[in-house]
Number of protein chains: 4
Amino acid sequence: MGKRIRARDMGIKIGVMKPGRYNAITDVEGVGVGHSTIIEGEGPLVIGKGPIRTGVTAIVPHQGNVYENKVRAAVYAYNAYGKAVGLLQVSHMGVIETPILLTDTLNTWIVADALIDYMYEVMNVEAMSINPVVGETNGSYLNDSIGRHVRKKHVFEALRKAYSRDVMGPVKEGNVGGGTPMSGFEFKGGIGTSSRVTNEFSLGVLVQLNFGRREDLRIDGVPVGMELSDVKPRGKQQSNSIIIVVATDLKLTSRQLWRIAKRAMLGVARTGSYGSSSSGDFVIAFSTSKRELNPLIESIQKDTGQGREAIETNETFLNRIFRATVEATEEAIVNALFKAETMIGRDYHIRRAIPLDQVKEIMTTYGRI
Amino acid sequence: MGKRIRARDMGIKIGVMKPGRYNAITDVEGVGVGHSTIIEGEGPLVIGKGPIRTGVTAIVPHQGNVYENKVRAAVYAYNAYGKAVGLLQVSHMGVIETPILLTDTLNTWIVADALIDYMYEVMNVEAMSINPVVGETNGSYLNDSIGRHVRKKHVFEALRKAYSRDVMGPVKEGNVGGGTPMSGFEFKGGIGTSSRVTNEFSLGVLVQLNFGRREDLRIDGVPVGMELSDVKPRGKQQSNSIIIVVATDLKLTSRQLWRIAKRAMLGVARTGSYGSSSSGDFVIAFSTSKRELNPLIESIQKDTGQGREAIETNETFLNRIFRATVEATEEAIVNALFKAETMIGRDYHIRRAIPLDQVKEIMTTYGRI
Amino acid sequence: MGKRIRARDMGIKIGVMKPGRYNAITDVEGVGVGHSTIIEGEGPLVIGKGPIRTGVTAIVPHQGNVYENKVRAAVYAYNAYGKAVGLLQVSHMGVIETPILLTDTLNTWIVADALIDYMYEVMNVEAMSINPVVGETNGSYLNDSIGRHVRKKHVFEALRKAYSRDVMGPVKEGNVGGGTPMSGFEFKGGIGTSSRVTNEFSLGVLVQLNFGRREDLRIDGVPVGMELSDVKPRGKQQSNSIIIVVATDLKLTSRQLWRIAKRAMLGVARTGSYGSSSSGDFVIAFSTSKRELNPLIESIQKDTGQGREAIETNETFLNRIFRATVEATEEAIVNALFKAETMIGRDYHIRRAIPLDQVKEIMTTYGRI
Amino acid sequence: MGKRIRARDMGIKIGVMKPGRYNAITDVEGVGVGHSTIIEGEGPLVIGKGPIRTGVTAIVPHQGNVYENKVRAAVYAYNAYGKAVGLLQVSHMGVIETPILLTDTLNTWIVADALIDYMYEVMNVEAMSINPVVGETNGSYLNDSIGRHVRKKHVFEALRKAYSRDVMGPVKEGNVGGGTPMSGFEFKGGIGTSSRVTNEFSLGVLVQLNFGRREDLRIDGVPVGMELSDVKPRGKQQSNSIIIVVATDLKLTSRQLWRIAKRAMLGVARTGSYGSSSSGDFVIAFSTSKRELNPLIESIQKDTGQGREAIETNETFLNRIFRATVEATEEAIVNALFKAETMIGRDYHIRRAIPLDQVKEIMTTYGRI
């Protein structure tokens, strides 16, 4: 099957903007990512026993106490056949006050409860009310999902990693953390990430990919899925969701972050999504507020001759950030596909990794690399 | 302190429409309510030990398998500083597929997870994805909320009761189930219910009351709170939320149910809410779809001379249902206050029951009874 | 019928906060209001001829060029059976870039077009795109509404007044401007205003009142409508809408202004609204951003012992503003009713002014004045 | 420049579903489209004089009185920097009660007022309130937009055509009606349409295209814009909007139509949209309700073995309609570009038609035709 590489390693360049050092959400200063991956057993499904193919991924907006230093945030529920927790409060209050966790659907509430434990036990929060944020997609094609095997210790492990060594560096992708059992276009999916960095701002995207019919897959516009439609084995994609987390260091209002969150879906569309009826397609966008808009606005002023005031109120400056969001989302999805390895799960269900050699050939034929 | 009675027992008649037999959400055929109440210990708060003043309330839309026979539903998040679970999916898909549970804030996710257990273990659902609906308000003034004392057995107990003897009859109000530790206008609050029934439809409301500054309380327009402002003891209302469940037997679309859900807030306003910044004010409305609109539309046709088609598209018929919603919500809140008894909770915090003798006197002075 | 007075002149004090100097939206520095009122003809309706009972009301957020100096804003569509123009752009961009105009339903688009004229001809805007904001309620019970008698000159007149002598002073209420033909609780309605002013902020509300069934009218909780139910003549309220404009000088985000806008409906509820199915109930809230939050937050810090950072992120400070909004909205509605005079319109339709002597008697009987 | 052809005439097949007879929104039975196109003058811009490059496009949902026989509808405001009229009422009431008109931004309100005239004068509506629906994009790069040259007669002309000879047949695309002065990817844009038809339903899309940076243009995944980036002349795209109308004959609720409306944006994304900050991207979806879901559900039942009830509540059947929406939207945009001819407008601004020969070459090189 060969080594799993990322899209850029194959020469695929999505869009025109430049990724950051790690081409990951961790290019946004302070953002940390940690995974806890649980893979145990094989063979027929025995609910409560396994086989287990699951986990949890933690994204921390900064290295401090998120409850005490909340970050501005917004959510966009493109299609809300999903169980994500905490999003309505984020949309009204405009802030996130815990790390963000991603997991398998039916673990959602256990994970949310463990996050509460973490906030009290580790973060020493004293408040009587905390709003945990947990996203999910459904990994039951490979995992004993009904068994709900994620425990408090796994949540703490993912958070501990997000707060330490995994910070500010490369992010593991594919079959890790919440993405462990997920699928993408009837291949193996999971966690993927990408970033766009300019002199004015950094923006990173992390996805938990779990949607798609194979024939619909496009990579940088090339109908790769159609070309790969006869790759065996395949199992019908049972669920069709994606959770997207967008981080930026630019200080923005929650309304502006909401507008950014909406753009992520344009990136999803480019890879071949039809927004399936039973998809939970959610975007959570937050800002670490570490950089002011000034340099970005100044660079636009030079271009357009407009005054600062005019640009701020018409928000022209958001266009570059919108573009960064679309590009990084599309690339994060491709990275999830590329880095995920073939997995055999419950009842011998197989999700094959997308065959990178064939993809490379197709991309070459279509003149894209 | 005297016997706790309901608003109508004191002669208070909110609005002009008639309640059903039990003046409760159970007047909507098939709807069941069950409570599990946990009261243990007294004295200083020891997190994880108690004192415990909590519980869970279950509302079942009908006596069958809700997953197999989903009910049309809608939600309205008036102010979403709250942790309610499952609402975004309801708003997109227009159906509820589990019973609705109400509890204390920090129990929310444990309760949601136990509801999943119930759906698999008792309801024998085979699907890999279920959307539990759980509402909450914050009972930490009296309860060891951080200790999260609600367990699977309590959730199952509430559900078992909702599916059996508590069905189609009077609903226990006040310090029961999810309402156990709640406050209202700095008096004791909790669960309250009321209904409005006509020849054409039944509509019932159940609230978990936990909001209000004492001075703001109005009962049927009378400034009762101002008159009672010096009643001792009092403790500042720490949280300010209300969860409202509206049930009707009229077959409606989710858009129409959403419009109904919005009306519930008008009833809340009449009792003295300012929609506090940190309130979780959510309304969940569902329909059992047991009655068609026909008789209602016919009775309006007689009044207005309009044809059926015209009325259906302009939805004039909803006005009576809107009125029923506002009236029943206001009355359910008053019932919650009236039926709740004085409770001493953690750290000897006291929530006094609203003194009914004094209320009666005030209502008489103001010429309302 | 006697002199028309405002609610406070009768001794009615809605809520606990203090109005500003004029108890009007113009207590927010810079906000101006101007009316153009058109009353012509009497007798049977001849569409296109009259009788005419209409007009337009202009609210300007500040005395400068609103396009060049946009103001932060938000909208809340409680029930959107209404034709208001420009609101979706406000909700996405978070700013208003023209004055706000209020008129009779079918004039809406002529008025919007004339506002465009004004922005180009008088304000000398050079942009190729302008977003006019126009609200409406339906005055067809008294007015030849289909005739659409408002012209560019009337729009310019209202705007000229809003930008000059009517600024920063008392606002004419009742049968003026856009409110000319409107009804309220089957009495005469129209324009009303009120304000709440503290050391920290000013907040003003202006309403165009056109909703209500007589029996439902409550004034400060007293069932005045029920008591006045046999006052003759009466005509069934044909339409059921209210447009509410909220202004504040406190610098807030559009998300916060949206939260404020939602509170206005609580004030509406207190006067007896059931949110009729065919109502256009819209709230537009804007901020002149002339005052920073600092003093308000400091005063809360003293009360609660919380640090500044904590208060800003949990938005506790909004509670006072929410209260001001609810109180001023309720009072503005009562002022609209009190100041409106009996009007005879098309086809000899009569809307009687609410009889203030009787109201006074009722309020006294109920112990409220 | 050669003959302007549609995408399919060049061999481009977007997606996998089949278009209807005319590959147009008129493939939905009863839907009519009419254009009034105004092209007058040339040379320097004199506001109020010209040059004029504008018009209005009418879409009628059926051949009867739309006010009397309203159609179910929904709207989706992806990015609401736009002046569309009537959408909030549609979103709350779930119906459209007038034809839909499309025009140049600053004509919006004149056109809405003329539509009111039409409803009273031609449709003989007697109601005192009508909700006109008008969409717009900004044609000021070529047109004297501030001059607002669309008049009542043009609106009536477009409507007359939509109600007669243009019905149920090919729809004129490119520089016609509301699309007359519009741009697309810095080429000439305008009106485009496409459809998807199955045994179970028909779905058609009509767009007024006015967005895009040239380099971003993708056609069926091919980076055509990048390849054409040096085509001269070009003028920076001043505005960035698209209005999309989706029609289907399948009887659906407004919630389901809302879900469909959201999918249209996925089609937009595939052509290269980043959802510019100052874009007015609105989708209006309606159903003529001429076909029941039955056959569609039955065909899915065969596939999945699920019972009818289960499918109806989980809405699996919508997936095919979502796909049809995405495909037809993408193709409608390409058709708008392909059919639009080079236009010289005010101040000698030129929008060149996309050079079809070069496009054909590129598509061939990339192996797509």
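Up top you'll find the structure we're talking about.
Residues numbered from 1 in each chain as written. Chains lettered and ligands numbered in written order. Predicted model: local features only at pLDDT ≥ 70, side-chain atom pairs only at ≥ 80, totals over all residues. Heavy atoms only, no water.

Visitor: Before we move on, could you go through the relation of the copies chain D and chain A and cite the residues and values that matter?
Guide: Superposing chain D onto chain A requires a rotation of 180° together with a translation of 0.0 Å along the rotation axis, leaving an RMSD of 0.0 Å. In short, the pair behaves as if placed about a two-fold rotation axis. Taking C-alpha positions as the reference, the residue of chain D nearest the rotation axis is D:Gly221, at 1.8 Å. Here 100% of the contact residues of chain D are again contact residues in chain A; the copies associate through an equivalent surface. (Least-squares fit on C-alpha atoms with pLDDT ≥ 70 in both. Contact = heavy atoms within 4.5 Å.)

Visitor: So what about the interface of chain D and chain A? Which residues, and what values?
Guide: Taken together, the 38 residues of chain D in the interface contact 38 residues of chain A. For the pair chain D and chain A, the two sides together bury roughly 3100 Å², of which 42% comes from carbon and sulfur. Among the residues chain D hides against chain A, the three largest losses belong to D:Tyr78, D:Tyr274 and D:Ser277. Together they make up 23% of the total. The interface formed by chain D and chain A holds four salt bridges in total. As a salt-bridge pair, D:Arg218 and A:Asp220 come within 2.9 Å of each other at their nearest N and O atoms. Applying the counting criterion to the chain D and chain A interface returns 27 residue pairs in polar contact (both at pLDDT 80 or more). Those elements that provide at least two residues to the side of chain D that touches chain A are strand S3 (71-80), helix H5 (254-271) and helix H8 (318-339) of chain D. If you tally residues by element for the side of chain D that touches chain A, the top one is H5(D), at seven residues. For the side of chain D that touches chain A, the per-class residue count stands at 14 nonpolar, twelve polar and twelve charged. (Buried area = accessible area lost by both parts, 1.4 Å probe. Salt bridge = Lys/Arg side-chain N within 4 Å of Asp/Glu carboxyl O. Polar contact = N/O pair within 3.5 Å; in protein donor to acceptor, adjacent residues only side chain to side chain. Helix = DSSP H or I, 4+ residues; strand = E, 2+ residues; numbered from the N terminus. Nonpolar A, V, L, I, M, F, W, Y, C, P; charged D, E, K, R; others polar.)

Visitor: I'd like a rundown of the interface of chain B and chain A, residues and numbers included.
Guide: Size of an interface, as often reported, equals the accessible area lost when the parts are brought together. The interface is formed by 35 residues belonging to chain B together with 35 residues belonging to chain A. Here chain B packs against chain A, burying approximately 3200 Å² in sum over the two surfaces, 62% of which is carbon and sulfur. For the chain B face of the interface with chain A, the top three residues by lost area are B:Leu88, B:Trp109 and B:Met128, together amounting to 22%. At the boundary of chain B and chain A, one finds four salt bridges. A salt bridge links B:Arg148 to A:Asp117; the shortest N-O distance between them is 2.6 Å. Counting the contacts that link chain B with chain A gives 15 residue pairs in polar contact (both at pLDDT 80 or more). Breaking the side of chain B that touches chain A down by element, the ones donating at least two residues are strand S3 (71-80), helix H1 (87-93) and helix H2 (108-121) of chain B. Broken down by element, the residue count for the side of chain B that touches chain A peaks at seven residues, all from H2(B). Its residues assigned to classes, the side of chain B that touches chain A shows 20 nonpolar, ten polar and five charged.

Visitor: Go over the packing of aromatic side chains with me, naming the residues and quoting the values.
Guide: In this structure the tally under the stated criterion is 16 aromatic pairs over all chains. Between A:Tyr118 and A:Phe156, the ring centres sit 5.1 Å apart and the planes meet at 85°, which makes this aromatic pair edge-to-face. Of the two residues, A:Tyr118 sits in helix H2 (residues 108-121) while A:Phe156 sits in helix H3 (residues 152-162), which places them 38 residues apart along the sequence. The exposure class of A:Phe156 is buried, given its relative accessible area of 16%. Ring pairs connect the aromatic residues A:Tyr118, A:Phe156 and A:Tyr163, which therefore count as one cluster. Taking NZ or CZ as reference, C:Lys262 lies 5.2 Å from the ring centre of B:Tyr78, over its face. (Phe/Tyr/Trp six-rings, centres within 6.5 Å; stacked < 30°, edge-to-face > 60°. Buried < 20%, exposed > 50% of the residue type's maximum accessible area, 1.4 Å probe, protein only. Lys NZ or Arg CZ within 6 Å of the ring centre and 35° of its normal.)

Visitor: I'd like a rundown of the packing of helix H2 (residues 108-121) of chain D against helix H3 (residues 152-162) of chain D, residues and numbers included.
Guide: Residue and element names in this part refer to chain D. Contact pair H2 / H3: the axes reach a minimum separation of 9 Å and the direction vectors enclose 60°. By the criterion of interaxial angle, the relationship of H2 to H3 is oblique. Between H2 and H3 the crossing geometry is right-handed. Facing H2, whose interface residues are Val 111, Ala 114, Leu 115, Asp 117, Tyr 118 and Glu 121, H3 presents Lys 152, Val 155, Phe 156 and Leu 159. When its residues are assigned to classes, the contact of H2 with H3 shows seven nonpolar, no polar and three charged. (Axes fitted to C-alpha atoms, helices over the stretch in contact; angles between N-to-C directions. Parallel < 35°, antiparallel > 145°, perpendicular 65-115°, else oblique. Left-handed = near helix turned anticlockwise from the far one by under 90°.)

Interpretation in functional terms is not warranted from these geometric data alone.
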